[in-house]
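Notes for the structure review
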Amino acid sequence: MVTAGDGPWLDDAAGRLVRPFTVSDGRTRPTVELDLMSQVMATGATPFGYLGPEHAQALDLCRAPLPVAEVAAHLKLPVAVTKVLLADLVDCGGLTTKPPVFAHNPTDRALLEAVLDGLRRQL
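No experiment lies behind these values; they were computed from the predicted model shown.

Points about the pattern of salt bridges
Across all of its chains, the model carries 3 salt bridges by this definition. The residue Asp-60 makes a salt bridge to Arg-63 at a minimum N-O spacing of 2.9 Å. Judged by relative accessible area, which is 61%, Arg-63 ranks as exposed. In this structure, the salt-bridge partner of Arg-109 is Glu-113, at a minimum N-O distance of 3.0 Å. Within this pair, Arg-109 and its partner Glu-113 are both found in helix α5 (residues 109-122), separated by 4 residues, close to a single helical turn. For Glu-113, a relative accessible area of 39% puts it in the partly exposed group.

Structure follows, in structure tokens:
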């Protein structure tokens, strides 16, 4: 349940008072290539320029490395909007990013067969 105490952009009855894409000024494409599993982490440097409340929340969340998808979930924003916000923070020096680390090749046939077998056992 969303409560008014959750921030200035939320209301008990109405929910989010500001549409998600107004948070990113209507931008839909980040300036930095980010995958859902890309890791983002605060650099500790003070970002230059204006930061909105969502930028500040993202910086606070990223004190430890987090994947983009998890940041979006915590911010309760669409991934496309979150990627734009995170790219803003990378551009101004507040965040650093690295590509996702996969323990296995996601197209490894043996891995895919093991996942399929596990799913079949669950059904």
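Still more ground to cover, so stick around.
A closer look at the nonpolar core
Most often, soluble globular proteins keep nonpolar side chains buried together rather than apart. If you look at the biggest cluster of nonpolar residues, it comprises 18 residues, and the most contacted ones within it are Leu-34, Val-40, Ala-58, Val-71, Leu-86, Leu-89 and Leu-95. Secondary structure elements with two or more residues in this core: α2 (53-61), α3 (68-75) and α4 (79-91). The element contributing the most residues to this core is α4, with 5 residues. Other than its neighbours up to four places away in sequence, Leu-95 contacts Val-40, Met-41, Ala-42, Thr-43, Leu-59, Cys-62, Leu-86, Leu-89 and Val-90.

Things to note about the pairing of strand β3 (residues 39-42)
Pairing analysis gives 2 bridges linking β3 to strand β4 (residues 66-67), with the strands arranged antiparallel. Residue pairing for β4: Val-40 is matched across the bridge by Leu-66. Taken together, the 4 bridges between β3 and strand β5 (residues 95-98) define a ladder with antiparallel strand orientation. Following the sheet pairing, Ala-42 is matched in β5 by Leu-95.

Criteria and thresholds
- Residues numbered from 1 in each chain as written.
- Predicted model: local features only at pLDDT ≥ 70, side-chain atom pairs only at ≥ 80, totals over all residues.
- Heavy atoms only, no water.
- Salt bridge = Lys/Arg side-chain N within 4 Å of Asp/Glu carboxyl O.
- Buried < 20%, exposed > 50% of the residue type's maximum accessible area, 1.4 Å probe, protein only.
- Helix = DSSP H or I, 4+ residues; strand = E, 2+ residues; numbered from the N terminus.
- Core = buried A, V, L, I, M, F, W, Y, C linked by side-chain atoms within 4.5 Å.
- Contact = heavy atoms within 4.5 Å.
- Pairing = 2+ DSSP bridges.

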